[in-house]
Amino acid sequence: SGQVEFGLDARPKGILVASVERCPVFGGKIKSIDDSAALKIAGVEKVIKIEPTPDPTRLVAGVAVIAKNTWTAMKGRRALKIEWELPEGEVETDETLRSQFEKNINSNGEVLRNDGDVDTAWPNCKKIHEAVYEAPFLAHAPMEPMNYIADVRADGADLWGPTQVPGSAMGLAAAITGLTPDKIKVRMTRVGGGFGRRLMADYACEAIYLSKELGKPVQVVWTREDDMQHDFYRPSGMFKMKAGLDGENKLAAWHIKATTTSRYAFRGSSDPSYKTEVFPDGFPAGFVPNFKMEYLPVASKVPRGAWRAPGHNITAWLDQSFIDEMAHLAGKDPIAFRLALLGEEDKEMPYEDHGGPFYKTSRLKNVIKLAAEKSNWSSPAPKGVF
């Protein structure tokens, strides 16, 4: 209806708009800028160089064109002539990452869980199946591209825009401006899609930095192209799965080797690289007598972040798909196969992963049964539906 205020709608009186040209290669720096043509465009107020911060989740190298409106800012940006100093990251490609993934899934990784002994279990398995799953980088692509407003003054700062982390925006403003938090006011607009992308406050950082440099209120507006090229992507990875069935067609062994471009490793977190990449307590762990999980990270300059779930969007897909494959190998209905695996006893399973600290098998079974009921699982599917 146009009645609700989203970030792009917020336009305080006297605000200027910034459009930022960022290095096309992750981790690059600015060698030289020729802004003469941009400054000749009517309505362009100033061109400001953005210095990158050591933390890549805050500021990257860029050149901002400040103008009286969005169109003029973007027009001025297209007139810039920038020479970039490119890092080693320019040799990174899908092919080089894939080569590292393939090497890792055929190497020994960090053992995250090791129940029983999968190596001695294989000879006793009657049927064995292997599969490799691959997951690409994925952009968030929210309906509303990144944008944020900052009005930094000597006596305080006003911030407003779409974010999932107003506290982080305030903290970053304090670090950039030197103001105490009580002098910083954060206003929330509606978010035109968050999905984990707006857990990062890099775009708010840009607005705060530019307003401080300019001494005037500034709204940073990203284009859709900016949004796709400078996202914090869902990590890519490769997963080698192997499982075996005993003489009664029950799961006897399960082995997963996982390798990904860890989002925690990207931001230099003290948390382990595997966190939210794989889940050592995730089903069917705890229900297979011989279960082993290994993990190896892959270094990458591509920015990574949380993509709603934030790890289950991959792990649920590969675990549940591979359970389906094993049910097919066993000649059993996939739902019956899962329920038999969970058993009759109601157990409280420790779960130190995302969404823990435990889960109950009775609730999990009820969810599976309800999904089957609501989807008419027991009835033959219409032609063309699988």
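Residues numbered from 1 in each chain as written. Predicted model: local features only at pLDDT ≥ 70, side-chain atom pairs only at ≥ 80, totals over all residues. Heavy atoms only, no water.

**Student:** What is the right way to read the nonpolar core from this model?
**Tutor:** For soluble globular proteins, the rule of thumb is that nonpolar side chains tend to be buried together. Of all hydrophobic cores here, the largest spans 37 residues; its most connected members are Phe239, Met241, Leu251, Trp254, Phe322 and Phe337. Residue assignment for this core shows that the elements contributing at least two residues are strand 7 (127–135), strand 12 (237–245), strand 13 (251–260), strand 14 (290–297), helix 9 (312–330), helix 10 (334–342) and helix 11 (361–374). In terms of residues, this core owes the most to one element, helix 9, which gives 7 residues. If you look at the next biggest cluster of nonpolar residues, it comprises 32 residues, including Ile48, Val152, Ile184 and Ile208. (Core = buried A, V, L, I, M, F, W, Y, C linked by side-chain atoms within 4.5 Å. Buried < 20%, exposed > 50% of the residue type's maximum accessible area, 1.4 Å probe, protein only. Helix = DSSP H or I, 4+ residues; strand = E, 2+ residues; numbered from the N terminus.)

**Student:** What's the story with the packing of helix 5 (residues 166–177) against helix 6 (residues 202–214) in this structure? I'm lost.
**Tutor:** When two helices pack together, their arrangement is captured by the angle between the axes and the distance separating the axes. At a minimum axis separation of 10 Å, helix 5 and helix 6 run at an interaxial angle of 30 degrees. Judged by the inter-axis angle, helix 5 sits roughly parallel to helix 6. For the pair helix 5 and helix 6, the sense of crossing is right-handed. For the pair formed by helix 5 and helix 6, the contact residues are Ala169, Leu172, Ala173, Ile176 and Thr177 on the first element and Cys205, Ile208, Tyr209 and Lys212 on the second. Grouping the amino acids of the contact of helix 5 with helix 6 by side-chain chemistry returns 7 nonpolar, 1 polar and 1 charged. (Axes fitted to C-alpha atoms, helices over the stretch in contact; angles between N-to-C directions. Parallel < 35°, antiparallel > 145°, perpendicular 65-115°, else oblique. Left-handed = near helix turned anticlockwise from the far one by under 90°. Contact = heavy atoms within 4.5 Å. Nonpolar A, V, L, I, M, F, W, Y, C, P; charged D, E, K, R; others polar.)

**Student:** Help me understand the state of the cysteines in this model?
**Tutor:** The bond known as a disulfide is covalent and runs between the sulfur atoms of two cysteines. If you walk through the whole model with that rule in mind, you get 0 disulfides. Cysteine Cys23 remains unbridged, with the sulfur of Cys205 as its closest cysteine sulfur at 18 Å. Of the residues examined, Cys23 reaches a relative accessible area of 5% and is grouped as buried. Judged by its relative accessible area of 2%, Cys205 falls in the buried class. (Disulfide = S-S within 2.5 Å.)

**Student:** What's the story with the sheet that holds strand 14 in this structure? I'm lost.
**Tutor:** As a general point, the strands of a sheet are linked pairwise by backbone hydrogen bonds and lie either parallel or antiparallel. In space, the 5 strands of this open sheet follow the order 6-14-13-12-7, with mixed pairing throughout. In the strand order of this sheet, the two ends are held by strand 6 (110–115) and strand 7, each with one partner. Direction aside, neighbouring strands of the sheet carry axes that sit 10 degrees apart on average. Judged from the 9 bridges that link them, strand 7 and strand 12 form a sheet pairing that is antiparallel. Note on strand 12: the bridge partner recorded for His129 is Ala243. Across the face of the sheet, helix 3 (residues 94–105) comes into contact with strand 7, strand 12, strand 13 and strand 14 while running at roughly 30 degrees to strand 12. (Pairing = 2+ DSSP bridges.)

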